[in-house]
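Commentary on secondary and tertiary structure
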Amino acid sequence: MGKKASIKKYKSSVDYCVGAKAESPPKIKYNEVLTSGYFKRFYAIVVAISIIFASLGIVFIHYAEALGKADTSLFIQRATEQTKFAVEEHIKEEFITLLGAAVIAEKQHNLTIESYVLKDVISGLFRHNAFEIIGFSDSNGLAVWVDRYNMKQTADLSDEDFIRQSLAGHNTFIESHREQFGRSDVVVYSVPVYNDGSYTVRGVLFAVDPADELRNIVEHSLYAGTGMAHIIDKHGQYMLKSHSPLSLGIGNSIFELSTPLDKKIQNEISDNLMSGKDGHHELYVNGETRMVSYEPLSVNEWFVFYSVPEKMVSAGMKKVTTGAITVFITSVLVFLLLIIWVHYLNNKNRRSLEMLAFVDHLTGQRNYQKFLADAAEILQSSGEQYAVCYCDIKGFKYINDLFGRDVGDRLLQYWSNYFCEIMLEGELSGRVSGDIFVYLLKYTNRHEIETRYESAAQMLAVFPETLMYGYRPEMYGGVFINDGRNAELSLDDMLDRANMAHKKVKEECGIGRLGFYSDEMREQKLWESEVMSKMESALENGEFQLYFQPKINIQNGDELLGAEALVRWLSADYGLVTPNRFIEIFEKNGFIIKLDRYIFERVCQYYNAYLSERDSPACILSVNVSRLELMQADFVRQYSEIKEKYNIPDNHIELEFTESLVFQNHLLFRSIVSECKRHGFLCSLDDFGADYSSLNILKSIQVDVLKLDGLFFERGNNAERGREIVKNIIAMAKALNMKTVAEGVDQPEQVDQLREMGCDAVQGYVFSKPMPQSEFVIFMSQHGMVTNVH
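The structure reproduced in this document is the subject of the present report. Remember, it's a predicted structure, so these values are computed and weren't measured experimentally.

Our focus in this paragraph is a negative patch on the surface. Together, Glu507, Glu508, Glu584 and Glu587 line one region of the surface with negative charge. Among the secondary structure elements, those contributing two or more residues to the negative patch are helix 14 (491-508) and helix 16 (583-589). Structurally, Glu584 can be placed in helix 16.

Glancing now at the sheet that holds strand 15 (residues 475-482). If you walk across this open sheet you meet the five strands as 13-14-12-15-16, and the pairing is mixed. The open sheet has two edge strands, strand 13 (428-433) and strand 16 (514-516), and neither has a second partner. Going across the sheet, the axis of each strand differs from the next one's by a mean of 20°, ignoring polarity. In the packing of helix 11 (residues 405-422) onto the sheet, the strands contacted are strand 12 (386-393), strand 13, strand 14 (436-442) and strand 15, and the crossing angle to strand 14 comes to about 5°.

Note on placement: Ile554 falls in the loop between strand 17 (544-553) and strand 18 (559-571). Sequence separation between Ile554 and Cys759 is 205 residues, and the spatial gap between their C-alpha atoms is 7.6 Å. Not counting residues up to four positions away in its chain, the partners in contact with Ile554 are Val751, Leu754, Arg755, Cys759, Asp760, Ala761, Val762 and Phe767.

Buried within helix 19 (residues 635-645) are the following residues: Phe635, Val636, Tyr639, Ser640, Ile642 and Lys643. The buried residues of helix 19 occupy an angular sector of 160° when the element is viewed end-on, so they sit on one face. Within helix 19, the exposed residues directed more than 90 degrees away from the buried face are Glu644 and Lys645. Asn647 lies just past helix 19 and shows a positive phi near 55°.

So, on to the packing of aromatic side chains. A complete count under the given rule lists 34 aromatic pairs for this structure. Arranged with centres 4.9 Å apart and planes meeting at 40°, the rings of Phe173 and Tyr189 form a pair that is tilted. Here Phe173, found in strand 4 (residues 172-176), pairs with Tyr189, found in strand 5 (residues 186-194); they are 16 residues apart in sequence, far enough to count as distant. Here the two residues Phe173 and Tyr189 agree in accessibility, since each one is buried. Relative to Phe305, the ring of Tyr294 has its centre 6.2 Å away and its plane inclined at 10°; by these criteria the two rings are stacked. Here Tyr294, found in strand 10 (residues 288-296), pairs with Phe305, found in strand 11 (residues 302-309); they are eleven residues apart in sequence, far enough to count as distant. For the pair shown, Tyr294 and Phe305 are each scored as buried. These aromatic residues form a ring-pair network of at least three members: Phe600, Phe635, Tyr639, Phe657, Phe669 and Phe681.

Conventions we followed
Residues numbered from 1 in each chain as written. Predicted model: local features only at pLDDT ≥ 70, side-chain atom pairs only at ≥ 80, totals over all residues. Heavy atoms only, no water. Patch = residues over 30% accessible without salt bridge, like charges linked within 9 Å, V, L, I, M, F, W, Y side chains within 5 Å. Areas by Shrake-Rupley, 256 points an atom, 1.4 Å probe, with all protein chains shown as cover. Salt bridge = Lys/Arg side-chain N within 4 Å of Asp/Glu carboxyl O. Lys, Arg positive; Asp, Glu negative; His and termini not counted. Charge placed at Lys NZ, Arg CZ, Asp CG, Glu CD. Helix = DSSP H or I, 4+ residues; strand = E, 2+ residues; numbered from the N terminus. Pairing = 2+ DSSP bridges. Axes fitted to C-alpha atoms, helices over the stretch in contact; angles between N-to-C directions. Contact = heavy atoms within 4.5 Å. Buried < 20%, exposed > 50% of the residue type's maximum accessible area, 1.4 Å probe, protein only. Arc of directions from axis to C-beta. Phe/Tyr/Trp six-rings, centres within 6.5 Å; stacked < 30°, edge-to-face > 60°.

Shown next, in the form of structure tokens:
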């Protein structure tokens, strides 16, 4: 069972010494006392001591003021950073909400607010967000919008920047002063709405927030209301101006003041803003000193700008200074008491600033900056082993949308409080942002970490406010073990590795909710970076080589029917790289589209050079088409132009589509197959049986060839059942006038069985492994070819 970390309070104490009672001094006349050399020397010593102590007190107080000012400047900078993170997170959440609505809008044939589905979407957005207005614009800028009271308006917004930018495919966030939206002080979010199944923009979804929604985040708890917080652009113009009565600006810019700034400082601030840099300064404005700090936001080249009057920061310190001088002159005791008072005030001020800079305002626990500082100190000073954990809540955005942000906030508080209760002494937790938490946990073994994490995850799943609706929140986490073997790693490096394990768990989408970092993950990341850095030059240098694996007609004397074109990477640095080491990377970053088209053109070149003018039966070459390539609007046109460029006869090139593509977008796939066949391509369904295998859907897909996945032919306890399935699939394919090709066949007895079942062709190591182009030419010369019967 965990122990709560205790907070110790230390008290300072002062010892007092009481001497022996002195004898009564002899009575001396007042004049004599004044004029005697003894008392003159005494007065001189007292004055000297008073001056010395007063001077020391003044020096000390000035030093304390300077130290406090330095600390204050640091805390203000960190407060500015925290505000920056909060603003960016708020904007990000608003965009995610709009993008979710835009995805729903894409599915609507008529993009109108009166649509039954869109009405529900808009109603939900108004319920769970602060949006005042939500609207749509068509591709010509004609817009219609409704407000929270269901008042509808229309207007031509084609001249608006946010409409033009979103029609160009950008997510846009602007500050607006348009009276058209019913109020002048608002911010506008807009996202493109695409045509369903394509990347063409059909319109814009936009939403209007009151500027106070963002302003409240910026001005939250800033020196108890004594400071000012603005959002400005890179020219110093106010985007959101503080409502504070202390605001000194007389215009629309931080530089427009009744008393001009020092030119040097103004130029430095201006240069930093134009360069996108942060900064902090001490300014003398209208007779008072102000401490300012600014941080760049990740949108629109805007900045968070804080301004705090120096007198508000150091008012207590100045009072202490005046009192200290008097007390030091009076007596050493009062001087010591003042030191205690100064120490108390300094600590109090520090605690309030730490609350602002280091405490997460929602959970009351450490924020990310404080976690980094404390965890780094523990790792440096402690000899124990620790684990660094990075985790978040699965589908947290949808929890906010389904149950409301208040429930989402309480869920974060519930998770944070529970985990803090089970933490051991010397362990730390921190909230990064949103639903992301980080932990520094003592490590004994993996099982102990897994047990603690699973226990906490089970508590999260029974959060009362979602459990009552049958919803159980889940937590995904990644762990890096600091076992001393990686002493050179910084805390940031450890968190990156924990996050790497966290992302791996989320990508796998399995039953596991906690993953541990391994060196293989880092090696895979490094390999992905290497591949992405070399892929363009590899394509330009012809390192991607064309290979062919023959397809043998087992119903006509085992003659050559054709071949499947495959790709191998003959790297100048790594030698022969197999597809399983780079294809998935290319599918993630989109480079697969370039590679697909390059291989297709190479196949057409090969056909034109070796097959088009030979006095031999037709040979069908098949080419794989990736999911991303299939989704390109110009896919059929590009492939058809390449086919015509090399004078390839119709029905001699076969396009192989992976089975999973059928189920991702059935209607799109069916239309693309029909279009391909109109342009003279044969079409096959590859890997049939590997993933989804809905037999019912085949009746509407006019493919020419059904390729049976090699999984059907694996030996095992269910081999006989697999053969029965294959037999029936072949019979079904014949009934639908489809040819069948069995791939991944490596045993002669399998060929005999497939021949008996009526399978048309076999592709596999039983006849040939994939081979380079030159070897395939020799292979063709040694084997006969069947006539294309399609």
